[in-house]
Amino acid sequence: MSLLAGLARAGVTAVKIEGRQRGRAYVARVTAAFRAAIDAIQRGESPDPYESLLGDLAEGARETTGAYRKRWR
């Protein structure tokens, strides 16, 4: 989201949000937050407050234990 204002100034008129491997609720939350941020930019406001709507969805916001901590036999 921090890049949206710069993209708008550069003339970007479309943003694709990848959600093919995500659930409907995830896609709905992400698209709603981006729509709100884009609307704020068009009104001359900062999109920053809308980024916090996605904090719990962002990769890296939570620690995972994946293969790095598993003991393979």
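The shown structure was predicted, so the numbers you read here are calculated from the model rather than taken from an experiment.

**What to know about the nonpolar core**
Point 1. Residues Met1, Leu4, Val30, Ala33, Phe34, Ala37, Ile41, Leu54 and Leu57 constitute the largest nonpolar core, which totals nine residues.
Point 2. In terms of residue count, helix H2 (residues 24-42) provides more of this core than any other element does, five residues in total.
Point 3. Look past the residues within four positions of Phe34 in its chain and what remains in contact with it is Met1, Leu4, Ile17 and Leu54.

**Concerning the pattern of salt bridges**
Point 1. Across all of its chains, the model carries four salt bridges by this definition.
Point 2. Two residues, Asp39 and Arg35, come together in a salt bridge whose shortest N-O distance is 2.8 Å. With Asp39 and Arg35 both in helix H2 and four residues apart, this pair spans about one turn of that helix.
Point 3. The class of Arg35 is partly exposed, set by a relative accessible area of 44%.
Point 4. Between Arg43 and Glu45 there is a salt bridge; the shortest N-O distance is 3.0 Å.
Point 5. Judged by its relative accessible area of 41%, Glu45 falls in the partly exposed class.
Point 6. Ionic contacts of the salt-bridge type, sharing partners, join the residues Lys16, Glu18 and Arg20 into one network.

**Examining the confidence of the model for the protein chain**
Point 1. Of the residues in the protein chain, 78% reach a pLDDT of 70 or more, and the chain-wide mean stands at 80.
Point 2. Confidence, expressed as mean pLDDT per element, reaches its minimum in the protein chain at helix H3 (residues 48-51) with 82 and its maximum at helix H1 (residues 4-9) with 92.

**Quick look at the packing of aromatic side chains**
Point 1. One pass over the full model with this rule turns up zero aromatic pairs.
Point 2. Over the ring of Tyr26 we find Arg22, and its NZ or CZ is 4.7 Å from the ring centre.

**Digging into H2**
Point 1. With 19 residues, H2 extends 27 Å between its outermost C-alpha atoms, agreeing within 8% with the 27 Å of an ideal straight helix rising 1.5 Å per residue.
Point 2. All buried positions along H2 are accounted for by Val30, Ala33, Phe34, Ala37, Ala40 and Ile41. Down the axis of H2, the buried side of the element spans an arc of 120 degrees, and every buried residue falls inside it. When the buried face of H2 is taken as reference, the exposed residues oriented beyond 90 degrees from it are Arg24, Ala25 and Gln42.
Point 3. Buried-residue contacts for H2 involve H1 and H3.
Point 4. A positive backbone phi angle near 85 degrees is found at Gly44, which sits one or two residues after H2.

Conventions used here
For every chain, the first residue of its written sequence is number 1, and the numbers climb from 1 along that sequence. Whole-chain, interface and lining totals are the exception, using all residues; otherwise, since this is a predicted model, local features are given only for residues with pLDDT of at least 70 and side-chain atom pairs are given and counted only at 80 or more. With hydrogens and water excluded, all non-hydrogen atoms of the structure serve as input to the side-chain values. Residues belong to one nonpolar core when they are buried, are Ala, Val, Leu, Ile, Met, Phe, Trp, Tyr or Cys, and are joined through side-chain atoms within 4.5 Å. Accessible area is worked out with a 1.4 Å probe on protein chains only. A residue is then buried under 20% of its type maximum, exposed over 50%, and partly exposed in between. Each helix corresponds to a stretch of at least 4 residues labelled H or I by DSSP, and each strand to a stretch of at least 2 residues labelled E; elements are numbered beginning at the N terminus. The contact definition used throughout considers only heavy atoms, calling two residues in contact when any of these lie within 4.5 Å. Should a side-chain nitrogen of Lys or Arg be within 4 Å of a carboxyl oxygen of Asp or Glu, the pair is scored as a salt bridge. Confidence scores labelled pLDDT are given residue by residue by the predictor and lie between 0 and 100. Geometry of aromatic contacts follows a simple scheme: Phe, Tyr and Trp rings, the Trp one being its six-membered ring, pair when their centres are within 6.5 Å, and the pair is stacked under 30 degrees between planes, edge-to-face over 60, tilted otherwise. A ring has a charge above it when a Lys NZ or an Arg CZ is no more than 6 Å from the ring centre and no more than 35 degrees off the ring normal. Given the number of residues in a helix, its expected span is that number minus one, multiplied by 1.5 Å. The directions from the helix axis to the C-beta atoms form the arc being described.

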